[in-house]
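# Notes for the structure review
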Amino acid sequence: MTRGVSNPAAADPPTNCTACARLSAFRDRWRDVEPGWHNGPVPTSLPKEGPDAVRLLIVGLAPGLRGANRTGVAFTGDASGAVLFGALERYGLARGHRPDAAGAGVELVGTAITNAVRCVPPQNRPTGPEITQCRAHLEATIARFAGLRVILTLGQIAHDVTIRALGERVADHPFGHGRQSSVGPLTIVSSYHCSRYNMNTGRLTEAMFDAVVAQASELSRRSS
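Here's what I pulled together on the structure shown here. Small disclaimer: the values here were computed from a predicted structure and weren't measured.

## Side note on the overall build of the protein chain
Secondary structure summary: the protein chain contains eight helices and seven strands in total. Based on the C-alpha atoms only, the size of the protein chain along its principal axes is roughly 50 × 40 × 35 Å. Out of the 224 residues in the protein chain, the part that is buried amounts to 52%. Long-range contacts, defined as pairs at least 24 residues apart, comprise 68% of the intrachain contacts of the protein chain with a sequence gap of at least 6. Only carbon and sulfur atoms are counted for the fraction: they give 49% of the accessible area of the protein chain, which is about 9800 Å². Taken together, the 24 basic and 18 acidic charged side chains of the protein chain have centroids lying 2 Å from each other.

## Notes on the pairing of strand β4 (residues 111-115)
Counting buried positions over the five residues of β4 gives five, a clear majority of the element. Side chains of β4 alternate between two faces, with Thr-111, Ile-113 and Asn-115 and Ala-112 and Thr-114 buried alike. As paired strands, strand β1 (residues 56-60) and β4 are joined by five bridges and run parallel to one another. Within β4, the residue paired with Val-59 across the bridge is Thr-114.

## Notes on the packing of helix α5 (residues 128-144) against helix α6 (residues 156-165)
Between α5 and α6, the least distance of the axes is 9 Å, while the angle of their chain directions is 65 degrees. Crossing hand, α5 versus α6: right-handed. Only Ile-157, Val-161, Thr-162, Arg-164 and Ala-165 of α6 make contact with α5, whose side of the interface consists of Ile-131, Arg-135, Leu-138, Glu-139 and Ile-142. Of the residues in the contact of α5 with α6, the class split is six nonpolar, one polar and three charged.

About the criteria used
Residues numbered from 1 in each chain as written. Predicted model: local features only at pLDDT ≥ 70, side-chain atom pairs only at ≥ 80, totals over all residues. Heavy atoms only, no water. Helix = DSSP H or I, 4+ residues; strand = E, 2+ residues; numbered from the N terminus. Buried < 20%, exposed > 50% of the residue type's maximum accessible area, 1.4 Å probe, protein only. Contact = heavy atoms within 4.5 Å. Areas by Shrake-Rupley, 256 points an atom, 1.4 Å probe, with all protein chains shown as cover. Lys, Arg positive; Asp, Glu negative; His and termini not counted. Charge placed at Lys NZ, Arg CZ, Asp CG, Glu CD. Pairing = 2+ DSSP bridges. Axes fitted to C-alpha atoms, helices over the stretch in contact; angles between N-to-C directions. Left-handed = near helix turned anticlockwise from the far one by under 90°. Nonpolar A, V, L, I, M, F, W, Y, C, P; charged D, E, K, R; others polar.

What follows is the structure, given as structure tokens:
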């Protein structure tokens, strides 16, 4: 993969992407129910300086129905966004986050945020073929960032698809909370997803998530 080639058209699906019939039909139903919502593929969020400023890429699973699918901005409008942006701000990777707004008005610092699957899936569960279909957009997204040093993957699905997008075998880079793996010049750091479910059940705590964000932040700066 040649990084630093800016190709937004390949990195982000078109507004009316029909590559996945089930996701397209689900999206269209919600356009009828909530016409004021975004209800489309959610693009990658970038710092205001653009792709060349990105040192850290965060990869989640998919937009939340009433979160990013509503707002059109990755990880905004729901509980997982509140956890993520709170941690990013604590470690200098974002600014302007308001805890009561779940990421509203946030400005990323040297960081980009995307999802393995760009359209909201029913019950937040994309299928294997949908994950594979959308992987080309992740590959193109990674390729945009010439200065990328670290990828933080949130959850095993996001981790596995990221490894495959980099042309590697998942078995050689197993998922584990706080685990690091190297792919060429990139360091992959994996974390449990900061979902409401994981936080409520205690599988992931704020301290655990802060630690992995601090780890990714330090690595991205050390390597720059």
